Amino acid sequence: MNFDANYFYPVTAEIFVALMVLAIMLATAFARGIARGLAYALTQLTLVVAALMTLAALHGEPGTATNLFADETGSFINMFVQDRLGGVLKFAVYCTMMVALLYGRDYLAARRLDRPEFFLLALLATLGMMVMITANHLLVLYIGLEMMSLALYALVAFDRDSTRSTEAGMKYFVLGAVASGLLLYGMSMIYGATGTLDLPAVSQAVASQTDKREVLLFGLVFLVAGVSFKLGVVPFHMWVPDVYQGAPTAVTLIVSSAPKIAAFAFALRLLVGGLSGLAAHWQTMLMLVAAASIVLGNVAALAQRNIKRMLAYSGISHMGFMLLGLLSGIVEGKSGLTNDAYASAMFYAISYALMTLAAFGMVVLLSRSGFEAEDIEDFKGLNRRSPWFALMMLFVMFSMAGIPFFVGFFAKFAVLEAAVAAGYLWLAVLAVVMSVIGAFYYLRVVKLMYFEEPDVNAPLAAPPELQVLLSVNGLAIAVLGLMPGGLLHACGAAIEALHLGS
Amino acid sequence: MMTEIPYLNLAIWVPILGGVLVLATGPDTHARMARVVALLVAVLGFAVTVPLYTEFDASTAAMQFVVEKRPWIEHFNIYYHLGIDGLSLWFILLNAFVTILVVIAGWQVIQHRVAQYMAAFLIMSGLMNGIFAALDGVLFYVFFEASLIPLYLVIGAWGGPNRMYAAIKFFLFTLAGSLLLLLALLYLYNVTGSFDILVWQRAPLAFGAQGLIFLAFLVAFGVKVPMWPVHTWLPDAHVEAPTGGSVVLAAIALKLGAYGFVRFALPIVPDASLQYAPYVLALSLVAVIYIGFVALAQTDMKKLVAYSSIAHMGFVTLGFFLVNPLGIEGALVQMISHGFVSAAMFLCIGVLYDRMHSRQISDYGGVANTMPRFAAFFMLFAMANCALPGTSGFVGEFTIILGAMKYSFWVAFLAATTLVLGAAYTLWMYKRVVFGAVANERVAALTDIGMREFFFLAVLAICVLAMGLYPFPFTEPMHESVNALVQHVIAGKLP
């Protein structure tokens, strides 16, 4: 193999982040006095530079989905793809992580949790997500997933003196390890049936060969189970509420946002990129998973008193909604659905990340040192304490409930459109009925903020940069709700560039 | 249209942006400024809608003032597309007009979070204008749903003791209905590839599909109207809402559902509408008669007027589904008239409530002795509510009954019972509240209406009488649109 710098071109951002992890580790080891601030600053800097690199790559290769290693030799070849989808999703992940870290910083500092390792782990999780998003090979996908997951396990248990935090971490780790095992087992089945781990090759093999169908389907079941676990959908959702509640809120911010985007990419690369020949089968499985998630997520959220648990269950239902888009792409006898369906799911994943960031950002905003604003009741009378942030939370809640003019409406609109176009009317009706139930618990938060008097009248004591960014976040939800065209177009173009179904 | 001034755009965005401006005046220390700004915005919002009437071309059924048609969300072929015809013209004017009254009515009564209160009404007014002006299905839906938010906040934040229950019930009922509407819109998009309402009106549809879409429309708009048996949210919402909320709810919000029937159900699924019209007529008659009896039994004035609203709106749906020009035109007139009359009734009850803090009929008696000027206005509006000739209520009800007579004698006969029932519950309430000896010392201590109250009641009285005595200017712009609609429905879409 002759070395060519171009070989590394698609993964320059990944390599850069990996090197920065090492650099930050060294730097903080030597600069003990300012380690905390330094680690934070360097982490944000890394994310900014990585975002710029990804943007440059996106700009340089508009719309090309070809993988740059079409020739066939060497170990590095065909492991990664460079495409618009990866670019857009990676960019979304960086932004999400930057915002999540900024929201969480003061919270962590107040609890003496802002040790350099925190930021290192967050950066490693980001690296894992980046690998998941650009992977073009089953093993690389798996490596990315594990890199993200292991970092997240550690983050969830980061508050090591808190039993709830460590318990959540333990639970997450044990269940996550089982899911990883399932995934790996499924991959081995696919490998056994097709003889390759390379996703495009798997795709071709699945499409062309007719024997070993049972093995493929057997493997597929495990893969869908693994994907479902990472998305946190029923029946693999048990970890979600406990982890969201047990983890420090700054970690919940991370766990609930960017990994969902990565998990979407993972599902898309694996199921659509590799196994679209089996779409009829995995779509049926996802249909059940989506329906169960939407029902259970919304109904269980009704009963929650803890806002983090409520948002966890609401997240389960949101992921169910996102699956509605993912499972509506390929229908026998109907063509032209594919791009719109996957674009709608992608739009949903990104707008969900935006909403959940703002929601947990509000939880961070309301908590003070020594006080966790975990009860829904803590939002009582927020309109009296701060009309502005009550308005922002109102935006978030109505957006999550899918009321226009907020981005959540168009996210729901897009996936429902995909489901109706695919002819899954019953799923659409079910989803719609459940959204009415879901509206109830979002409305309850609005009710507490606007219709009741506050128990405490303490002014909000959050640092200005958090307040500014949270306002920007809330306004973004409204602005994207008024003008969703740009983001929808970006998602549509990214999916189109994959040249699916052609 | 010759003019290029985007009046419809102004009608929508002047109140919304003005509402944001009012919100910016901040806490209650600046309450006075908030009120003044709100009033200016409301008046300006009304002023920009006046040209819609003066420049309206009554000789055509086509959409007018279509200055705005530009892509909004190209991914789904959604347009920002506005226009009005004779069906929607009046509701925009009515809405802008009522907004002024609401601002004035809340001038002194609302002392807490004034800026938020005023802003909620202004924003709601703009959103509702958007509903009436939208010619794109998604644009319509977006305004339709978004208008729930301010009304929810108004009921919940400034309402009575049971306001939270009423607010959530209101929101969930209407949300459930409108989400079915969303599915119907998505289905239509998949069939036609467009969200343009005018395209949908022309697009051929098989009868089976029409039936399902009609069902979705019926639920969505029926909840909003509200039709029996999904009306139960309305009395709760009315009783708990502050006076301004009740006024907007009765005068405008209920019209949204009825407007949906003429803009969506009849023209888009004409064959299903004709096929299922007898069932809708039956539901409407139940609303007229049964709800009329329910109103008779009420002890709370606001609840009584709320039930009377349901009965009147039953008359409106009855008129629409007769599918003849008299019925539809009568129903439209009835909607406008009900906008004036119900607004006036709720304002009158508000006047009493502000002084006595009670809406129980039994707490009153002999109000005429202490509030003679008020009693006179109240009398006029009560008469209009039971459709006395010479008031606006008569024109609509009479026309609808004429239309019903063409359809079937028995429908007309049953519908006409409203004249008796309406008179019974309205005048009986009026008698118990206003006439007789002074019931207690609190009534004896009442003061008559002041300048502000006199102003808004007088303006409404003029409207009610003008429309009752000379309805031609009101009905003239409707003719062509109504005739075209009826022809379109009768022609149907099936080959």
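Residues numbered from 1 in each chain as written. Chains lettered and ligands numbered in written order. Predicted model: local features only at pLDDT ≥ 70, side-chain atom pairs only at ≥ 80, totals over all residues. Heavy atoms only, no water.

J.: Is there a simple way to explain the environment of R113(B) in this structure?
T.: Among the structural elements, R113(B) can be located in the loop between α4 (89-105) and α5 (114-133). Judged by its relative accessible area of 15%, R113(B) falls in the buried class. Separated by 98 residues in sequence, R113(B) and G211(B) place their C-alpha atoms 47 Å apart. What R113(B) contacts, discounting residues up to four positions off in sequence, is N383(A), R384(A), Y450(A), D28(B), A157(B) and W158(B). At 3.0 Å, the side chain of R113(B) and the backbone oxygen of Y450(A) are in polar contact. (Helix = DSSP H or I, 4+ residues; strand = E, 2+ residues; numbered from the N terminus. Buried < 20%, exposed > 50% of the residue type's maximum accessible area, 1.4 Å probe, protein only. Contact = heavy atoms within 4.5 Å. Polar contact = N/O pair within 3.5 Å; in protein donor to acceptor, adjacent residues only side chain to side chain.)

J.: I'm lost on the nonpolar core in this one. Help?
T.: The biggest cluster of nonpolar side chains holds 407 residues, and the ones touching the most others in it are W282(A), Y152(B), F217(B), F320(B) and F381(B). In terms of residues, this core owes the most to one element, helix α14 (residues 338-366) of chain A, which gives 20 residues. (Core = buried A, V, L, I, M, F, W, Y, C linked by side-chain atoms within 4.5 Å.)

J.: I would appreciate a short explanation of the pattern of salt bridges in the present structure.
T.: Pairing is possible between side chains of opposite charge, provided their charged atoms come close. Taken as a whole and judged by the stated rule, the model has 16 salt bridges over all chains. As a salt-bridge pair, K308(A) and E374(A) come within 2.9 Å of each other at their nearest N and O atoms. Taken together, the positions of K308(A) in helix α13 (residues 307-326) and E374(A) in the loop between α14 and α15 (382-385) put the pair 66 residues apart, joining distant regions of the chain. For the pair K308(A) and E374(A), one class covers both residues: buried. As a salt-bridge pair, D448(B) and R373(B) come within 3.8 Å of each other at their nearest N and O atoms. Within this pair, whereas D448(B) is found in the loop between α20 (441-444) and α21 (451-469), its partner R373(B) is found in helix α17 (residues 372-385), the two being separated by 75 residues in sequence. By relative accessible area, R373(B) is classed as partly exposed at 43%. Salt bridges sharing partners connect three or more residues here, namely R164(A), K308(A) and E374(A). (Salt bridge = Lys/Arg side-chain N within 4 Å of Asp/Glu carboxyl O.)

J.: I keep staring at the packing of aromatic side chains and nothing clicks. Help me out?
T.: In this description, a pair of aromatic rings is defined by centroid distance and the angle of the planes. What the rule picks out here adds up to 63 aromatic pairs over all chains. Judged by centre distance (5.8 Å) and plane angle (45°), the rings of F409(A) and F413(A) are tilted. One end of the pair is F409(A) and the other is F413(A), both in helix α17 (residues 407-421) and 4 residues apart, which spans about a single turn. Comparing F409(A) with F413(A) shows no difference in burial state: the two are buried. With a centroid separation of 5.7 Å and an interplanar angle of 45°, the aromatic rings of F413(A) and F195(B) are classed as tilted. Residue F413(A) is located in helix α17, and its partner F195(B) is located in the loop between α8 (163-192) and α9 (197-202); the two belong to separate chains. According to the relative accessible area criterion, F195(B) is buried, its value standing at 0%. (Phe/Tyr/Trp six-rings, centres within 6.5 Å; stacked < 30°, edge-to-face > 60°.)

J.: Explanation requested: helix α7 (residues 199-208) of chain A in the structure shown.
T.: Owing to its 3.6 residues per turn, the α-helix aligns residues three or four sequence positions apart on the same side. Residue and element names in this part refer to chain A. Here α7 has its buried residues at L199, V202, S203, A205 and V206. End-on, the buried residues of α7 take up no more than an arc of 165°, which puts them together on one face. Facing away from the buried surface of α7 by more than 90 degrees, the exposed residues are Q204, A207 and S208. Where α7 is buried, its residues contact α5 (138-156), α6 (163-194), α8 (213-231) and α11 (258-274). (Arc of directions from axis to C-beta.)

J.: Help me understand the pairing of strand β1 (residues 69-73) of chain B in this model?
T.: Remember that side chains alternate between the two faces of the sheet whenever the strand is regular. Residue and element names in this part refer to chain B. Here β1 runs beside strand β2 (residues 78-81); their pairing, made up of 4 bridges, is antiparallel. Paired with R70 across the strands is Y80, a residue of β2. Here β1 folds back onto β2, and the loop between the two strands holds 4 residues, one of which, N77, carries a positive phi near 60°. (Pairing = 2+ DSSP bridges.)

J.: Would you mind going over the interface of chain A and chain B with me for this structure?
T.: Chain A puts 40 residues into the contact, and the matching count from chain B is 36 residues. Across the interface of chain A and chain B, roughly 3400 Å² is buried in total on both sides, 80% from carbon and sulfur atoms. On the chain A side of the interface with chain B, the three residues burying the most area are F405(A), F413(A) and F451(A), jointly 21% of the side's total. Our count for the chain A to chain B interface comes out at 0 salt bridges. (Buried area = accessible area lost by both parts, 1.4 Å probe.)

J.: Explain unusual backbone geometry to me, please; I cannot follow it from the model alone.
T.: A negative phi angle characterises most non-glycine residues, just as the trans form characterises most peptide bonds. Cis geometry marks the peptide bond from V234(A) to P235(A), where omega comes out at 5°. Residue position: P235(A) is located in the loop between α8 and α9 (239-246). Following W228(B), the chain continues to P229(B) via a peptide bond in cis, the omega torsion being 5°. Its location among the elements puts P229(B) in the loop between α10 (207-224) and α11 (233-240). Its identity as a non-glycine residue notwithstanding, R112(A) has a phi of 55°, on the positive side. With respect to the helices and strands, R112(A) occurs in the loop between α3 (84-110) and α4 (116-134).

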